[in-house]
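In case you want the letters, here they are:
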Amino acid sequence: MADVKIEPSWKELLKEEFEKPYFSELIAFVRSEYAFRPVFPPGKRIFNAFDRCPVEKTKVVILGQDPYHGPGQAHGLCFSVPEGVPQPPSLQNIFKEIESDLGLPVPVSGNLERWAEQGVLLLNATLTVRAHQAGSHQDKGWETFTNAVIRELTARKSNLVFLLWGSYAQRKGAYIDTQRNLVLKCVHPSPLSANRGGWFGNRQFSRANQYLREHGLEEIRW
């Protein structure tokens, strides 16, 4: 079994996945990439989404596609950037919708660790990327791994909220038990998609909190 440095509850949940041949091939590819070229996020942050949000705490899952591929942006949480890094356009649109939906002011920081620590799994479908090359680590095995994350999580838990933004994330919906969990879909918050309509006014954040409340779970402080 690969010695994956990941939060213990996830290590237990995904232990069979870590033993599969595709995962060994994926790790070999990722190690080679980090050895010879700039790759994001920093190696110790690849599994940051899991480290910040243990299995038992997970209440909401937001699915992204790739990590940000610009220097200093990606830190292992989808849509999030570290303190002091300017907010990318998609994140700005997320905050604008939260402001409209819940009346909360747009935060100065784009760091979403505070969401993760409340039980929001901020999961990219692909967990690594070459600098300045969007999609460069797709179809190397990460998607198989993150499909397994969703499958195992929904087998273990119920009353989860999945926020699927855009067609790429929505394809992951095939692995979600929709009888036992809430799936909310809409267009991607990137300006290209959001400005065509369907992002602003989607009220996904208040709807997620309503569902959590109805099932006796603490709301997310978005």
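Higher on the page you've got the structure.
1. Notes on the packing of aromatic side chains
Step number 1: One pass over the structure, following the stated rule, counts 17 aromatic pairs.
Step number 2: Between Trp-142 and Phe-145 the ring centres are 6.0 Å apart and the planes differ by 65 degrees, which places this aromatic pair in the edge-to-face class. With Trp-142 and Phe-145 both in helix α7 (residues 142-156) and three residues apart, this pair spans about one turn of that helix.
Step number 3: Classification of Trp-142 by relative accessible area gives buried; the value is 1%.
Step number 4: Residue classification places Phe-145 among the buried positions, given a relative accessible area of 0%.
Step number 5: Three or more aromatic residues joined by ring pairs form one cluster here, namely Trp-10, Phe-18, Tyr-22, Phe-23, Phe-47, Phe-50, Trp-142 and Phe-145.

2. Here's the deal with empty space enclosed by the protein
Step number 1: Here the structure, examined in full by the defined rule, presents one cavity of 30 Å³ or more.
Step number 2: Put simply, the largest cavity is a space of about 40 Å³.
Step number 3: For the largest cavity, the full set of lining residues is Leu-63, Gly-64, Gln-65, Phe-79, Trp-165, Tyr-168, Ala-169 and His-188.
Step number 4: For the lining of the largest cavity, the elements supplying multiple residues, two or more each, are β2 (60-64) and α8 (167-171).
Step number 5: Residue classes in the lining of the largest cavity are distributed as five nonpolar, three polar and no charged.

Reading the values: rules and limits
- Along each chain, the written sequence defines residue order, and numbers are assigned to residues from 1.
- Local features in this predicted model are restricted to residues whose pLDDT is 70 or higher, and side-chain atom pairs enter the listing and the counts only when it is 80 or higher, whereas totals over whole chains, interfaces and linings include all residues.
- Derived side-chain values reflect all non-hydrogen atoms in the structure, with water molecules and hydrogen atoms excluded from consideration.
- Stacked, tilted and edge-to-face are the three classes applied to pairs of Phe, Tyr and Trp rings, where Trp contributes its six-membered ring and a pair requires centres within 6.5 Å; stacked means planes under 30 degrees apart, edge-to-face means over 60, and tilted covers the rest.
- Numbered from the N terminus, helices here are DSSP runs of H or I no shorter than four residues, and strands are runs of E no shorter than two.
- Buried means the residue's accessible area, taken with a 1.4 Å probe over protein chains only, is under 20% of the maximum for its type, while exposed means over 50%, and partly exposed covers the values in between.
- Throughout, the protein atoms alone are placed on a 1 Å grid, and a set of points is a cavity if a 1.4 Å probe fits but cannot get out or a pocket if it is open with protein on both sides within 12 Å along at least five of seven lines; lining residues have an atom within 4 Å of a point.
- Grid points are joined across faces, edges and corners, and a volume is the space filled by probe spheres set on the points.
- Polar here means any residue other than Ala, Val, Leu, Ile, Met, Phe, Trp, Tyr, Cys and Pro, which are nonpolar, and Asp, Glu, Lys and Arg, which are charged; Gly is therefore polar.

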